[in-house]
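Structure assessment
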Amino acid sequence: MLSSPPKPPYPTLNCQEPSTLQQRRMCIRQSSRCVSVEAAGGKALACVVDIRDEQQIEDAVQKAVNKFGGIDILVNNASAISLTGTLETPMKKVDLMLGINLRGTYLTSKLVVPHLLKSRSPHILNISPPLNLNPIWFKNHTAYTMAKYGMSMCVLGMAEEFRGQIAVNALWPRTAIQTAAMDMLGGEGIGKQCRTVDIMADAAYAILCQSKDATGHFLLDEDVLKQEGIKDFDSYAVHPGHPLLPDFFLDDAPESLVKKMEEHGATPAFKPPPSSSSAAPISGGPIEFTFDAIRAVINEDIVKSTQGVFQFDLSGEHAGVWFLDLKSGSGLAGQGQPESKADVIMSMDSSDFSKMFAGKLKPTLAFMSGKLRIKGDMTLAIKLEKLMGRMNKAKL
C-alpha cells in the first residue's frame, strides 16, 4: 500500500479532483507507482492519508487488510522539516513536525501492530537517524531534531517491546539523498553532491528480507549493502566521482568529516559557528571587493524575484556588519545595518563569506555543519544562493 500526504487525490485514486498543481503531481505520482507495481505482476493500493488523523489511518489500514489479506511490513517515511532555531520556528511548524514525524509514526505503528502480529515475517522500518546526542545536531534546529529523534525512539522502544514478535529497525542514509526536500534546502546544484533514492530502496529491501529476530538496529544504507556484498557505490551517485555531502546526525566528528571531504577535493566547513563581532569593518578589503561584485549583478529583476533584506554578521580578520537590500528599486548593498529590519541574518567568518559568494564554499555544506548560521526566513536564504551562482559566473 502506498500512502501520500492529505491532498485530494487524482480520479484514479477514487477521490475528488486535486485543487492545486502540486496536489495533482502528488496524486499522479502515486497512481503511476501503482501502475508500475501492477505492471510488474504485483498488487497495489494508493491511499491519501493525513497520518495525524487516527480515523484516516484506521481506514487506510483496513483497506490494505481487505485488499491484501493482512499486513507484513510498515515503512514509516513521512516527515516534515524546518531547519530553524528556537526563536525562528513558529509553533505551527513545531506542531507540524511533531505531529507528522513523532505522533504520526507512533500512531501508524500502533494501528498496524495488531496485524503485524499475525504475520510470519513482520517488520517496521522507520526512516530515521541513529540517536546521536552530540549537541551540534540540536543547536541549530532543536524542534526538527526532537521530532526526527522521536521516530528513532519509537524504534528503540518498540523493538524491545515486541522483541521476538516484530522486527523494528531504523534506516538512515550515509550521504545526502536527492529528494524534493534536499532540492529545497540545498538549492540549484545540490544534486551532484547526492546519491539517488535507489540506495535507500535497496538497503530497505535487504533489511526487510531478514528474519524478525534482526531487530532494534539503527542502520546506514551503505553499511547494509556492504554486508550484502556491494562494493561499488558509484552507480548510486547522481554524479559518479563527485564528492558526496554527509547526511545529518551521523557519529563522525566534525574534524573527521572535514578530513574526508578535503581528501575528495571539497571545501568542507565543520567548525562551530564563530560569534559575531561589533568591530568596525575594514574598508577596501576582500569584503568590500565582494560587495562591489554584488552591486554589479543585482538589478530590478533580482529585487522583484527575491523581496528580502539580508544582514551579514561577519567575524574574523574582516569583522563587521553588512547588508543586502533586495526589496525595493534596483537593490542596495553596503556596510552597516540595513535601514529596514532584516528578513534573514547570516553569521559566519569573513574569509568564508567571500568564498561562499565566489562559489568556493557550498552554502548547504556550511549551514549543515554549523559554520554558517542563519536566522529568519529560510526560503529567502535559499533564493540568495541563486545570486551567489551569478557571482560565481562573474568569477569573483
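Summarised in this report is the structure supplied together with it. (Residues numbered from 1 in each chain as written. Predicted model: local features only at pLDDT ≥ 70, side-chain atom pairs only at ≥ 80, totals over all residues. Heavy atoms only, no water.)

1. Digging into the packing of helix 3 (residues 91–116) against helix 4 (residues 142–161)
Put simply, the rule is: Here an angle of 0 to 180 degrees is reported between the N-to-C directions of two axes, which are lines fitted to C-alpha atoms, with helices fitted over the stretch in contact. Note on conventions: DSSP H or I runs of at least 4 residues are helices, E runs of at least 2 residues are strands, and numbering of each starts at the N terminus. In these notes the angle categories are as follows: under 35 degrees is roughly parallel, over 145 is roughly antiparallel, 65 to 115 is roughly perpendicular, and the rest is oblique. In this analysis, two residues are considered to be in contact whenever any of their non-hydrogen atoms come within 4.5 Å of each other. Three classes are used, and their members are as follows: Ala, Val, Leu, Ile, Met, Phe, Trp, Tyr, Cys and Pro are nonpolar, Asp, Glu, Lys and Arg are charged, and the others, Gly among them, are polar.
At their nearest, the axes of helix 3 and helix 4 sit 8 Å apart, and the two run at 10° to each other. By the criterion of interaxial angle, the relationship of helix 3 to helix 4 is roughly parallel. Residues Val94, Met97, Leu98, Asn101, Leu102, Thr105, Tyr106 and Ser109 of helix 3 form the contact with helix 4, whose participating residues are Ala143, Tyr144, Ala147, Lys148, Gly150, Met151, Cys154 and Met158. Its residues assigned to classes, the contact of helix 3 with helix 4 shows eleven nonpolar, four polar and one charged.

2. What about the sheet that holds strand 11 (residues 373–376)?
Quick reminder of the rule: For two strands to be treated as a pair, DSSP must find no fewer than two bridges joining them.
One open sheet accounts for five strands, arranged 9-8-7-10-11; its pairing is mixed. Edge positions in the sheet fall to strand 9 (332–335) and strand 11, since each has one partner strand and no second. The average angle at which neighbouring strand axes cross in this sheet is 15°, direction not considered. Contacts between helix 9 (residues 286–297) and the sheet are confined to strand 7 (308–315), strand 8 (320–326) and strand 9, with strand 9 contributing the most and set at about 170° to the helix. Running at roughly 115° to strand 10 (residues 344–349), helix 11 (residues 350–357) makes contact with strand 7 and strand 10 of the sheet.

3. A closer look at helix 11
Basically, it comes down to this: Exposure is judged per residue with a 1.4 Å probe applied to protein chains only, and the accessible area is read against the type maximum: over 50% gives exposed, under 20% gives buried, and values in between give partly exposed.
Counting buried residues along helix 11, six of its eight residues qualify, which places the element largely inside the surrounding structure. Along helix 11, the residues classified as buried are Ser350, Asp352, Phe353, Ser354, Met356 and Phe357. Residue glycine 359 follows helix 11 closely and has a positive phi angle near 85°.

4. Considerations on the environment of glutamate 300
Looking at the element boundaries, glutamate 300 is found in helix 10 (residues 300–306). When the C-alpha atoms of glutamate 300 and glycine 331 are compared, they prove to be 6.9 Å apart, with 31 residues separating the residues in sequence. With residues near it in sequence (within four places) discarded, glutamate 300 still touches Gly329 and Ser330.

5. Some points on the pattern of salt bridges
Convention followed: Definition used for salt bridges: Asp or Glu carboxyl oxygen within 4 Å of a side-chain nitrogen of Lys or Arg.
Evaluated as defined, the whole model comprises nine salt bridges. With its nearest N and O atoms 3.1 Å apart, the salt bridge here joins glutamate 160 to arginine 163. Accessibility expressed as a relative area gives 51% for glutamate 160, which makes it exposed. Arginine 163 gets classed as partly exposed once you look at its relative accessible area, which sits at 45%. One network of salt bridges, in which partners are shared, links Arg195, Glu222 and Lys226.

6. Some thoughts on the environment of serine 315
With respect to the secondary-structure elements, serine 315 resides in strand 7. On a C-alpha basis, the gap between serine 315 and serine 350 in space is 5.6 Å, while along the polypeptide they are 35 residues apart.

7. Description of the packing of helix 2 (residues 54–68) against helix 3
Two packed helices can be described by the angle between their axes and the distance between those axes. This is how the line gets drawn: Should the near helix be turned counterclockwise from the far one by less than a right angle, the crossing is left-handed, whereas a clockwise turn marks it as right-handed.
Packing of helix 2 against helix 3 leaves a shortest axis separation of 10 Å and a crossing angle of 30°. Between helix 2 and helix 3, the angle falls in the class roughly parallel. The chirality of how helix 2 crosses helix 3 is right-handed. Here Glu54, Ile57, Glu58, Val61 and Val65 of helix 2 lie close against helix 3, whose contacting residues are Leu107, Thr108, Leu111, Val112 and His115. When the residues that make up the contact of helix 2 with helix 3 are grouped by side-chain class, the tally is six nonpolar, two polar and two charged.

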